[in-house]
Every structure is written in structure tokens, then in C-alpha cells.
Amino acid sequence: MLDIKFIKDNPERIKENIKKRFQEQKIPLVDKVIKNYDSWLELKKEAEELRHKRNVISEKINLLKKHSKDASSELKQVKEIPEKIKKLEEKQDRLDQEIKKDLMLIPNIIHPSVPIGRDDSQNVEIKKIGKPKKFSYEIKNHAELVEKLGLADFDSAAEISGKGFYILKGKLAMLDMALINFARDYMLKQGFEYIHVPYMIKKRVVEGVMSFKEMENMMYKIEGEDLYLIGTSEHPMIGMFINKTLKKDELPIKITGFSPCFRKEIGSHGIDEKGLFRVHQFHKQEMIVICEPKDSYKWYDKMLKFTVDIFKQLEIPTRILEICSGDLADLKAKSCDVEAWSPRQNKYFEVGSLTNMEEAQARRLGIKIQGDNGKYYAHTLNNTVLATSRAMVAILENHQQKDGTIKIPKALQKYMGGLKEIK
């Protein structure tokens, strides 16, 4: 969310930014929010003038009474003022709510380095890491492979919960937790604090961490309660700091959290297919950083290196894909995906996403820093350490052997009781 004063001072810049995001339908919101803000300021001025008038008349009444003079006319005036102020404040409140609603729809300013493009087809490949292995045999579909090995049950999961769910068994269930334990230990070595978070959050937090469109497409609402199932542990981790003012010597705040994640995946393709790739529930290790604005892009680069290094250790070829302007969610200033190589499909697929929100989340949630010359908003960043469902797909494909067994990456073997293969 942008500062209303910044919008008022830079309307053309805001409109140009909206154009770069290919959301031209939102351009009228800029003039609307400025007009409403001017009206709000005028109402505020009128209310302040009435309060001043009330004080002046009250002083006159006291003076008249002191000299035993008639103050009935003044008393009548002063009694009418509170009702007038109340009506002005009610108009202010209505305008305030409308302004806030519109501000939530105006997208964040994109970073100058973001490539301009209409949709995900125009995202830009930045770098490839690792060379895809050439196989002399056909790579089996991961869902068929794990079913054949008795390591997953998609049919029973569909009976229990519907499509887009899975049951992991035996060594594959162990691999799922091995990945989480590996990711946890890796982040601890980077100096991050490890926490477990609530799996449900209030609407106030949801609206603070994501755009309305993301909220509609992702979040499961708990019927009859002001609670949503989390789509990622990023949301409650950022929410921990709602309405808090942080001291400079507390920064940067570096947290990593494990949680199950719940997603509706509205509009996604592949939810009707068996497998682990696009599902309604999965495990994920996430990282967040809250820092000084001047440091946020240094942390952006560091956090990207962490994810790349993790997949290097899992012996999975990856690439970095820069997200273009039209594919950026409204709160994001800059974002990139880390994609893993799929030898079966002969293409890369997303396994993680890094985002710098700059001050957008902090402004919505009231996360500030106490500086030498006053308070200002922090910058927030989030990044996938590792989503186990997609990491397992990458391992099952890239480490699949001719006889259908799966080689366990060396980095995970100690978390699998020394096991080197899944048979």
C-alpha cells in the first residue's frame, strides 16, 4: 500500500506504474483517491474550526456569567456544535474507509530493474545453475513411480479429502521430513531464528500481507470465525510484528518457520492430476527478513543465494527467472522464481519464490522503525527455503535410476538414517 501523500504528490508516476503493470482499469483510482483525500482534509479542517469556535464561545460564556450577563444565545450556539462535529466525523469515517479500500487496490511501485512484460510468458531467465543430466532411459512420472513403490496413496487421499491431496508412506514420508530438517539446519547456519507459527490467522493479517486477488485465489476461510488457514508461514511470521515499532539495533530480523500450507489454487491447472506438484496442502520452510530500507536489496540477493545453494546441495539443476511487471502481485516491488529442472517434461518448474515487498506490507501492518529523526516504515522480504512437495518431485525425477529406485542426495542421507536409496 502506498502513502496517500506520495500518491497526491506523484499522480502521474503512480499512473505510469499502473500502466507498466498492465492494469489500466485501475488508473481512475488515482484521481478518485486524491479527490476523496482532499474532501477528507476539508472535513477535518471544518471540524477543527468548529472545535476552535466552541472553545471561543465557551470562554465568552464564562466571561458573560462572571459579569452576570445574559449568555443564552451563546449557550444555544455551543450546544449545536457537537452535533455538527459528529456529522462531519461520520463523513470523515466513511471517506476514510473508501480511501483505504482504494489504496489497497493501487499496486506497489515496481523496482527499476523489473522487466516490463504483460504476463508470465514474458518473465526473463537470469541464470542457470547446474547442468541437466542426460538419461539413457525414460523417466517415469513421479506419481506412477511412488505408487508403484508403495510410497504414496493418491486414491485414498481423494476419497478422504478430494483431489489435490496425498498420503505419503514409508520412505517418502521420511524424505518429506528429511527435507524440512535439512532446510531448518541450513537456515540456522545462516543465523536465522527457527520458529513454529499458528496455522490460522485473522483477516486483519491476511489483508496486510497480500493483495485481494491473491487472498481470493489462495486462502481458505474458516466458516463463522475471523480466521483463515495460512497459505505459507510467511503470513503469521510477518504478522508477529503488527503495529510494532522496532529499534534500529534489533535489525535485521531474520526468521525461518516451518508449517503446513493450505491453498485453494483457484485458476491453476493440474489440480485434477495425481501427484505432488499442485496440491491443496503441503509442507514448507519459509524465511523472512525485516530490515532497514537501505539494506533490503542486499538481503534480496543474499536470500536468493540461500535457495540456490540448497538446491545445489540437493543436486538439482535450477534456473532463476525474473518476474516481469505484469506478472507481479500488487504488493510486490521485485520478485524472482527459482525453478528446478524436470527431465521428464524437459523444462524447468517453480520450486521457490523470492519477493521484496519494500514497505508495502509494513505500511499495511504498521511495522515501523524508530530512527534518529522519527519513525519510518521497515522493508519486508520473504523467500521459500523449500517446499517439500515440489522438492520431492525434483528429486524423484532427477535422481530416478533405471531400475525405478531413487538415489537420495548426499545432503539428506543423514536425515534418512543413512539410507542412500529408496527402493
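Shown above is the structure to which this text applies.
Note that the coordinates shown come from a computational prediction; the quantities given were computed from them, not determined experimentally.

A look at the overall build of the protein chain
- Assigned secondary structure in the protein chain consists of 14 helices and 18 strands.
- In terms of overall dimensions, the protein chain has C-alpha extents of about 105 × 40 × 40 Å along its principal axes.
- The buried share among the 423 residues of the protein chain stands at 51%.
- Partitioning the intrachain contacts of the protein chain with sequence separation of at least 6 by distance along the chain shows that 72% fall at a separation of at least 24.
- When the accessible surface of the protein chain is summed, it comes to about 21,200 Å², and 49% of that surface belongs to carbon and sulfur atoms.
- Between the averaged position of the 76 positive side-chain charges in the protein chain and that of its 64 negative side-chain charges there is a distance of 3 Å.

Remarks on the packing of aromatic side chains
- All chains considered together, the criterion is met by 8 aromatic pairs.
- Considering the side-chain rings of Phe 135 and Tyr 137, the 5.5 Å spacing of their centres and the 75° angle between planes classify their relative orientation as edge-to-face.
- For the pair Phe 192 and Phe 306, a centre-to-centre distance of 5.9 Å together with 85° between the ring planes defines the contact as edge-to-face. Of the two residues, Phe 192 is situated in the loop between α7 (170–189) and β4 (193–196) and Phe 306 in helix α11 (residues 296–313); the sequence distance between them amounts to 114 residues. Neither Phe 192 nor Phe 306 differs from the other in exposure class; each is buried.
- Positioned above the aromatic ring of Trp 299 is the side chain of Lys 302, whose terminal nitrogen or guanidinium carbon lies 4.3 Å from the ring centre.

Examining the sheet that holds strand β6 (residues 220–221)
- The sheet built from 3 strands is open, its strands ordered β5-β7-β6 with antiparallel pairing. Whereas interior strands pair on both sides, the edge strands pair on one side only; in this sheet they are β5 (200–201) and β6.

Some points on the packing of helix α2 (residues 11–20) against helix α3 (residues 27–66)
- At a minimum axis separation of 9 Å, α2 and α3 run at an interaxial angle of 155°. Considered as vectors, α2 and α3 are oriented roughly antiparallel to each other. Of the two elements, α2 crosses α3, and the hand of that crossing is right-handed. Judged by residue contacts, Pro 11, Ile 14, Lys 15, Ile 18 and Lys 19 of α2 engage Ile 27, Val 30, Asp 31 and Ile 34 from α3.

Here's the deal with the nonpolar core
- Membership of the largest hydrophobic core comes to 61 residues, with the highest contact counts inside it found for Leu 172, Leu 175, Leu 179 and Leu 314.
- If you tally residues by element for this core, the top one is α11, at 9 residues.
- With residues near it in sequence (within four places) discarded, Leu 175 still touches Met 392, Ile 395, Leu 412, Met 416 and Ile 422.

Quick notes on α2
- Of all the residues in α2, the buried ones are Ile 14, Lys 15, Asn 17 and Ile 18. What you see down the axis of α2 is that its buried residues fit within an arc of 160°, all on one side.
- Looking at the residues trailing α2, positive phi occurs at Phe 22, about 60°.

Some points on the packing of α7 against α11
- Between α7 and α11, the shortest axis-to-axis distance is 11 Å and the interhelical angle comes to 135°. The angle between α7 and α11 places the two elements in the oblique class. Of the two possible hands of crossing, α7 and α11 adopt the one that is right-handed. Residues Phe 182, Tyr 186 and Met 187 of α7 pack against Lys 305, Phe 306, Asp 309, Ile 310 and Gln 313 of α11.

A short note on the sheet that holds strand β14 (residues 368–371)
- With mixed pairing, 3 strands are arranged side by side in an open sheet as β8-β14-β15. Edge positions in the sheet fall to β8 (245–247) and β15 (374–377), since each has one partner strand and no second. Strand after strand, the sheet turns through a mean of 40° between neighbouring axes, direction not considered.
- Note: β8 against β14, 3 bridges, orientation parallel. Each bridged residue has a counterpart across the sheet, and for Leu 246 the counterpart in β14 is Ile 369.

Focus on unusual backbone geometry
- For the bond from Leu 251 to Pro 252, the omega torsion is -5°, close enough to zero to count as cis.
- Turning to its location among the elements, Pro 252 is positioned in the loop between β8 and β9 (253–262).
- The backbone of Asn 243 shows a phi angle near 60°, a positive value even though the residue is not glycine.
- With respect to the helices and strands, Asn 243 occurs in the loop between α10 (234–239) and β8.
- If you check the backbone angles, Glu 358 has positive phi at about 50° while not being a glycine.
- With respect to the helices and strands, Glu 358 occurs in strand β13 (residues 347–358).
- Given a relative accessible area of 18%, Glu 358 falls into the buried group.

Some remarks on the environment of Thr 245
- Among the structural elements, Thr 245 can be located in strand β8.
- Overall, Thr 245 belongs to the partly exposed group, its relative accessible area being 37%.
- Residues Thr 245 and Gln 345, spaced 100 residues apart in sequence, show a C-alpha to C-alpha distance of 48 Å.
- Non-local contacts of Thr 245, meaning those with residues more than four positions away in its chain, are made with Lys 368, Ile 369, Gln 370 and Lys 375.

Brief notes about the pattern of salt bridges
- Applying the stated criterion across every chain yields a total of 23 salt bridges.
- Between Lys 407 and Glu 315 there is a salt bridge, with the nearest N and O atoms lying 3.9 Å from each other. Linking Lys 407 in strand β17 (residues 406–407) with Glu 315 in the loop between α11 and β11 (318–322), this pair joins segments that are 92 residues apart in sequence.
- Each of Asp 3, Glu 359 and Arg 363 takes part in one network of salt bridges that share partners.

Scoring rules and cut-offs
- Residues numbered from 1 in each chain as written.
- Predicted model: local features only at pLDDT ≥ 70, side-chain atom pairs only at ≥ 80, totals over all residues.
- Heavy atoms only, no water.
- Helix = DSSP H or I, 4+ residues; strand = E, 2+ residues; numbered from the N terminus.
- Buried < 20%, exposed > 50% of the residue type's maximum accessible area, 1.4 Å probe, protein only.
- Contact = heavy atoms within 4.5 Å.
- Areas by Shrake-Rupley, 256 points an atom, 1.4 Å probe, with all protein chains shown as cover.
- Lys, Arg positive; Asp, Glu negative; His and termini not counted.
- Charge placed at Lys NZ, Arg CZ, Asp CG, Glu CD.
- Phe/Tyr/Trp six-rings, centres within 6.5 Å; stacked < 30°, edge-to-face > 60°.
- Lys NZ or Arg CZ within 6 Å of the ring centre and 35° of its normal.
- Pairing = 2+ DSSP bridges.
- Axes fitted to C-alpha atoms, helices over the stretch in contact; angles between N-to-C directions.
- Parallel < 35°, antiparallel > 145°, perpendicular 65-115°, else oblique.
- Left-handed = near helix turned anticlockwise from the far one by under 90°.
- Core = buried A, V, L, I, M, F, W, Y, C linked by side-chain atoms within 4.5 Å.
- Arc of directions from axis to C-beta.
- Salt bridge = Lys/Arg side-chain N within 4 Å of Asp/Glu carboxyl O.

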